[in-house]
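Fold and contact review
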Amino acid sequence: MRRKLAAGNWKMNGTRASLAELAVLAKTHAASEVDILICPPATLLTAACGHAPLMIGAQDCHMATSGAHTGDISAAQIKDAGATAVIVGHSERRVAHEEHSEIVRAKARAAQAEGLTAIVCLGESLAQREAQNTLDIIGGQLAGSIPDNATGENLVVAYEPIWAIGTGLVPDLAQIGEVHDFIRSRLERRFGAGVGRSVRLLYGGSVKPDNAADIFTVPNVDGALVGGASLTAADFSPIITALETV
Ligand code: PGA
């Protein structure tokens, strides 16, 4: 059985004062049977650790271990900070930083080489969905972004339609299910049933306390990657609870 995962992506939000939210989450979900991961900005990685059972992840990493890359951080540094996971290929990086799938794959490989879980994000634009190209786009991103050595421990895949991120728009449950089933079948085909069935698949894009429970009923949805609603315990806690009770 895949362990459920509630992951929060704080993006470029949060200062040390925000760490109080982690203390509340840790207390509320102390005996949780789902994994809870918070990805704060890099400035807070070290300070965010130590709120068991919460796990901490970064939002991006460089593909190199060290070197002349001003402003970047490596997977080794993320691990050294105390984190156990890193998001790679978020659409905000694919679009704003022109990170194509080959780069994402190299970053995922770098993360896995350090023993981190790579959370690889995929998603279509509205124009691509309207042109009925969603599965082609997702299939291409999946093939290009996932390294060959994937396991259920070192890989999580997040399906995040670009048009649903931060917009309040959410695909209907059948649309989410279609993409998640497709990702699952592609993973099984490439890595075999054992690994393919063990990789967790998250849905992301405007997940909120009032829609999370419905989304979590969709087969092959093993949790969520949550942006805006992960910034406060008041919003994220009910999403975690929905996942715990699914
Ligand atoms: P959102 O962001 O929940 O604010 O839509 C999701 C994400 O980008 O991971």
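Reference entry: report on the structure contained in this document. On a predicted model such as this, the values are computed, not experimentally measured, just so you know. (Residues numbered from 1 in each chain as written. Predicted model: local features only at pLDDT ≥ 70, side-chain atom pairs only at ≥ 80, totals over all residues. Heavy atoms only, no water.)

A separate point is the overall build of the protein chain. The helix and strand inventory of the protein chain stands at 10 helices and 8 strands. The C-alpha atoms of the protein chain give 17 Å as radius of gyration, which agrees with the globular expectation for 246 residues (18 Å, within 12%). Overall, the protein chain is about 45 × 45 × 35 Å in size when its C-alpha atoms are taken along their principal axes. Classification of the 246 residues of the protein chain by burial places 52% in the buried group. In the protein chain, once contacts between residues fewer than 6 apart in sequence are set aside, the share between residues at least 24 apart is 72%. Here the protein chain displays about 10,700 Å² of accessible surface, and carbon together with sulfur accounts for 53% of that area. (Helix = DSSP H or I, 4+ residues; strand = E, 2+ residues; numbered from the N terminus. Rg over C-alpha atoms; globule rule 2.2 N^0.38 Å. Buried < 20%, exposed > 50% of the residue type's maximum accessible area, 1.4 Å probe, protein only. Contact = heavy atoms within 4.5 Å. Areas by Shrake-Rupley, 256 points an atom, 1.4 Å probe, with all protein chains shown as cover.)

To continue, consider the nonpolar core. Counting 62 residues, the largest nonpolar core has V120, V157, I183, F216 and F236 as its most contacted members. Excluding residues within four positions of it along the chain, V120 makes contact with V88, V104, A108, S145, I146, L155, V156, V157 and A158. Counting 12 residues, the second largest nonpolar core, distinct from the first, contains L5, A158, L202 and L225. (Core = buried A, V, L, I, M, F, W, Y, C linked by side-chain atoms within 4.5 Å.)

To continue, consider helix α10 (residues 233–244). When the terminal C-alpha atoms of α10 are compared, their 15 Å separation across 12 residues agrees well with the 16 Å that a helix rising 1.5 Å per residue should span. For α10, the full list of buried residues reads A233, F236, S237, I239, I240, A242 and L243. Buried positions along α10 lie against β1 (5–9), α1 (19–28), β2 (35–39), α9 (212–215) and β8 (223–226). (Expected span 1.5 Å × (residues − 1).)

This next bit is on helix α7 (residues 134–145). Since one α-helical turn is 3.6 residues long, residues separated by three or four positions face the same way. Compared with an ideal rise of 1.5 Å per residue, which puts 12 residues at 16 Å, α7 spans 16 Å between its outermost C-alpha atoms and is within 8% of the ideal. Buried positions along α7 lie against α4 (91–96), α5 (101–113), β5 (117–122), α6 (126–130), β6 (155–159) and α8 (173–198).

Close contacts around the ligand come from 13 residues, with K11, H90, E160, G166 and S206 the closest. For the ligand, an oxygen atom lies 2.7 Å from a polar atom in the backbone of G166. Contact distances for the ligand include 2.8 Å between an oxygen atom and a backbone N or O atom of G227. When the free accessible area of the ligand is taken as 280 Å², the share hidden by the protein chains comes to 97%. Of the residues belonging to the shell around the ligand, the class tally is 4 nonpolar, 7 polar and 2 charged. (Near = heavy atom within 4 Å. Polar contact = N/O pair within 3.5 Å; in protein donor to acceptor, adjacent residues only side chain to side chain. Nonpolar A, V, L, I, M, F, W, Y, C, P; charged D, E, K, R; others polar.)

Before going further, it helps to examine the sheet that holds β8. One closed barrel holds the 8 strands; their spatial order is β1-β2-β3-β4-β5-β6-β7-β8, and the pairing between them is parallel. Here the average twist between neighbouring strands, direction ignored, is 25°. As judged from the 5 bridges shared by β5 and β6, these two strands associate in the parallel manner. Across the sheet, the residue bridging to I119 is V156, located in β6. Of the strands in this sheet, β4 (85–88), β5 and β6 touch α5, which is tilted by about 160° from β5. In this fold α7 packs onto β5 and β6, with an angle of close to 150° to the strand it touches most, β5. (Pairing = 2+ DSSP bridges. Axes fitted to C-alpha atoms, helices over the stretch in contact; angles between N-to-C directions.)

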